[in-house]
Every structure is written in structure tokens, then in C-alpha cells.
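Spelled out, the chains give:
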Amino acid sequence: MSTGLGPAVAADREDRFELRVLLDQRSSVDIRVLSGTYQWYDEDLQTPVETVSPSDGWRAFAAGSTIQLDKNGRSLAKAYGGPLLLQAKGAGENKIEVNGKKYRGSLRLYHLRSQGANGMALINVIDVESYLYGVVGQEIGMNAPEEAMKAQAVVSRTYALQQRERRRQIGDYYDLRADLGSQVYKGVDGEQARVLKAVDDTRGQVITYDGAIIEAVFHSNSGGYTEDARLVWNSDVPYLRGVPAPEDRYAEEWGGTAALAYHWRKQLTPDEIARKTQSLTGKDLGELQRLRIVETSRSGRVTRLEVVGSRGTVSIDRTKVRQLLDTPSTKFTLADGSGNYVALGYGADGIKKNALPAGGTYAITSSGVAAVSSDPYVITSDGVGPAPKAPSTTAAGIIVIDGYGYGHGVGMSQWGAMGLARNGKSYTEIIEHYYNADRRDGRLQITNNWGK
């Protein structure tokens, strides 16, 4: 992997990439200028409406098929079809307040009459670098190691510009959402000095593969191994293939809720699963008899689940597993009401499955899982003693889901990136690992020259 021009070379060109970020959809909005120079502009008629001063308080609301503007409590004489743009003028620090939240850049009010709604879309029009100031810390956390934060900046910039390109090709009125539908964006309220430095240090840098900008998806924690995109979205691209991610365990070092991003457990009753199955598939299976993992991917994620009931059996494919069980990921094993565990191991021969009846003690050997006939002993701080034993289920009939990871598992694992950074890896090495499996064959590049 190679990097292109230094950050300063491409800065002016990258600032010209404007993003349209959908903040909200509502019937009214309160607006105030905090700093800089702004002017209302009618984009339909391509004419200025009125200059805005910081002392003015503005309210806009959808009135039928038009947008009405109130200035300091008094309505302007004319209503507008829109879009209306509160446009930042000049090169100063332009900031506005929208319903009490602070943003850089401009604000577009887009009437939703074409969608049959009496409301407006509130769209922050902002350059990509300023957008990232309000994104990176929200996505990877304000306390992430520096190199992980820089990796997130490059990944988030790449994702934003790829989405911009895709949505403008199909004529959408916005490029990104401000929530988990795209990337979490908090505007000025989401900024912090370390975040600004990570964005500035990587200014203009995007990830390309064979010269084209990539779809740089990411997730919280892969549970030890990322997933192929083709097994999640039917998108088979060479830069979104599964790779080992043992550094995901870094989440456990943080403890608390962070640890649950790596290893979690959930319990469901047979009745709950039967109801969820009927809701999802429309089939009444009667009394649940068994929930069975039928197929898994190389990464250990469940790609087919079988629900067995007194009235029949239904197969749940990989696209609906999380929907059925409402789990943080699809990387899990099961213990059902019969007290049987299924152990999954991945080696040179692929996935190995072993059913483990309750009541036994087991050891993992080079040839698989084997029963231990006598009581094993462990070495503890108090000396040598018998290994503790635990029941396989918390109660009869309860199905225990023992899982790893949080999210779809494709692309960069954020906790894994933090673990790699903690271990001394640079942001370019982190990106090379997750999007090119450490091949370093030159097909993946971090460049400032995309879009020229």
C-alpha cells in the first residue's frame, strides 16, 4: 500500500467536496446564526431573500406546500416553495444553531411535498473535513488511540465521499444521514481537540482499490474475525473479505459495557422464539422443540438456522438470523433446552462441529473436542485444585445464546483497530489489514488524488 500527496497539497481541492447531511425531518425549525455571515437564498428562483444578522431569531415551518419564514416573531410577506438555503458567505468561521444544536456550514430546508408529507428535510450543507470533525469521535470514541482515530478519519471520509457519489448518481436530495443509517454526526457539539487533529493530520486522504474509491464500511467489534461482504449483503468485492481480528479483545480490557461488544450472552424462552418465528415467517410451528445451527461461515457466523417445532420446521437464512433473535451479531453458539452445546472450531480443515451433552467436562485438542474422563485440575493463585463446573443452561427450557462481536462484521472493526493501534500499528497498517488482508500488493492505496 502506498500513500499519495501530503495533506496540505490536496486541502483546497478536498474542501470543494460538499456533503448534504440529513439532520432531521420535521414541520418546523428554530434557527439562529452564531458566527459568520449568512443569507437566505431561494434555490428555486435562484434569488437572495434576506441577509441574516446574529441578533435575528428565525423560525421556518411547512405551511401547506410552501415554507414560511418568521423573523423575530413576524412572518415574511412571501412564502417559498423551496428549497431554501441559509447560506454561509465568506471564509470565516460560519456556525449556526438548529433547534438548539450547533453546526458548521449552511442549512437547506427541503419541502417534502413530493413524498406526500407536510414537512421539511433539514439538511446541513458542509465541506467534508468540517463534517468529519463531528463524526470521528462519535464513531470510534474520544479516547481512542491516536492511530485508530486517524484510521477512522480516513475510513469515514472515504465512506462519506463514496456515498456522495452513489446518491448523486441516482438523484437523491441528500448524501448521508446524521444517524446510524450512515455515520453518527453531532456537528460542533461532537467536536474535540484530538478529533480535529486526527482529521487534519489525514486531510483529504481516501482509500482506493484499483483506482476506485471503496465502500469503506466498518463496525464496532467482529468478535475475533471479520466477515465477507458477500455473506451479509451479496456484495462480493475483494476489499471486503474476512480477516482475523484477535485484537477485538481489547474491548474486554476496558471492561463494563465495552466488554459486551466482544463477548455477550442472551437468553430466550422457547415461547419467545416460537412467537418471533411466526412474526418473521408467518408460520406457526407450535411448541418449540429445538433451535439448531445448520451452517456457519468461515468466521464462525451463523448463515443458516433451523427452528424445529411440533408442527414443522422452518429454515432461517443469514439475512434474517439477527432479526429473529435480536442479537448483537450472528457469531454465536447455542445451548438449548436439552442442555446440549454446539462447539464450533475453525482449522485447516474448515469448520468442525461437536455436540456436547450437558454434565460433561471437555478439552479442546488438536483433533477436535474430547471428553475428559476424570476431574481436571487447574493452577490458581491458591495452588492446584479441581476445575470449577457450571451448568450448561440457567434453567430448563431456556435457550442460551453465547455470542461474540457487535455489528455486521464487515470491513474495519473499530475495537480491533484500537487494539492494533495499542500494539504499535499505524493507521495505514490498520487500513491495509482490514481492507486488503495485509497483502501489500499495491491494489489498495491511500491517496489524495481521487476525483481529479
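Residues numbered from 1 in each chain as written. Predicted model: local features only at pLDDT ≥ 70, side-chain atom pairs only at ≥ 80, totals over all residues. Heavy atoms only, no water.

- An unreviewed UniProt entry annotates the protein as Sporulation protein spoiid originating from Heliobacterium modesticaldum.

## So, the pairing of strand β11 (residues 106-111)
- For β11, a buried count of five out of six residues is recorded, marking the element as mostly surrounded by other parts of the structure.
- Pairing of β11 with strand β12 (residues 120-127), which is carried by six bridges, proceeds in the antiparallel orientation. Counted as the bridge partner of tyrosine 110 is alanine 121 from β12. (Buried < 20%, exposed > 50% of the residue type's maximum accessible area, 1.4 Å probe, protein only. Helix = DSSP H or I, 4+ residues; strand = E, 2+ residues; numbered from the N terminus. Pairing = 2+ DSSP bridges.)

## Concerning the nonpolar core
- Of all hydrophobic cores here, the largest spans 84 residues; its most connected members are Leu109, Tyr131, Ile431 and Tyr435.
- A per-element tally of this core places helix α4 (residues 146-169) first, with nine residues.
- Inspection of this core shows a minimum of three residues originating in each of domain 1 (15-190) and domain 2 (193-257 + 408-447).
- Discounting chain neighbours no more than four positions away, the residues touching leucine 109 are Val29, Trp40, Ala60, Ile67, Pro83, Leu84, Met120, Ala121 and Leu122.
- Core analysis: the next-biggest nonpolar cluster, separate from the first, contains 20 residues, Leu268, Ile273, Val302 and Ile399 among them. (Core = buried A, V, L, I, M, F, W, Y, C linked by side-chain atoms within 4.5 Å. Domains from an automatic or database assignment. Contact = heavy atoms within 4.5 Å.)

## Section: the side chain of lysine 150
- Relative to the helices and strands, lysine 150 is located in helix α4.
- Relative accessible area serves as the criterion here: at 12%, lysine 150 is assigned to the buried category.
- Once you skip the residues sitting within four places of it in the chain, lysine 150 turns out to touch Ala198, Asp201, Thr202 and Tyr427.

## Digging into the side chain of asparagine 436
- Residue placement: asparagine 436 occurs in helix α11 (residues 427-436).
- Ignoring any residue separated from it by four or fewer positions in sequence, one finds asparagine 436 in contact with Tyr209, Ile431, Asp441 and Leu444.

## Thoughts on the sheet that holds strand β18 (residues 288-296)
- On the basis of which strands lie adjacent, the open sheet formed by three strands has the order β18-β19-β20 and antiparallel pairing. The sheet terminates laterally at β18 and β20 (312-317), the two strands that pair on one side only. Strand-to-strand, the axes of this sheet are offset by a mean angle of 20°, without reference to chain direction.
- Relative to strand β19 (residues 302-309), β18 is paired through seven bridges, and the arrangement is antiparallel. Bridge pairing links threonine 296 to valine 302 in β19.
- Sitting on the sheet, helix α8 (residues 270-281) is in contact with β18, β19 and β20, with an inclination near 70° to β20. (Axes fitted to C-alpha atoms, helices over the stretch in contact; angles between N-to-C directions.)

## Quick notes on helix α5 (residues 193-201)
- Among all positions of α5, only Val195, Ala198 and Val199 are buried. Projected onto a plane normal to the axis of α5, the buried residues spread over an arc of 95° and lie on a single side.
- Residues of α5 that are buried sit in contact with α2 (128-133), α3 (136-140) and α4.
- Sitting at the head of α5, glutamine 192 places a side-chain oxygen 2.9 Å from the backbone nitrogen of arginine 194. (Arc of directions from axis to C-beta. Polar contact = N/O pair within 3.5 Å; in protein donor to acceptor, adjacent residues only side chain to side chain.)

## Quick word on the packing of aromatic side chains
- Per the counting criterion, the structure on display carries ten aromatic pairs.
- Ring centres 5.8 Å apart and planes at 50° place the aromatic pair tyrosine 209 and tyrosine 239 in the tilted group. Residue tyrosine 209 is found in strand β14 (residues 206-209), and its partner tyrosine 239 is found in the loop between β16 (218-219) and α6 (250-254); the two are separated by 30 residues along the sequence.
- The exposure class assigned to tyrosine 239 is buried, which follows from its relative accessible area of 12%.
- Among the aromatic residues, those joined into a ring-pair cluster are Tyr103, Tyr131 and Tyr185. (Phe/Tyr/Trp six-rings, centres within 6.5 Å; stacked < 30°, edge-to-face > 60°.)

## Thoughts on the environment of valine 21
- Among the secondary structure elements, valine 21 is positioned in strand β1 (residues 18-26).
- For the pair valine 21 and tyrosine 185, spaced 164 residues apart in sequence, the C-alpha separation works out to 8.7 Å.
- Setting aside its immediate chain neighbours within four residues, valine 21 contacts Leu122, Ile123, Asn124, Ile126, Tyr131, Leu176, Arg177, Ala178 and Tyr185.

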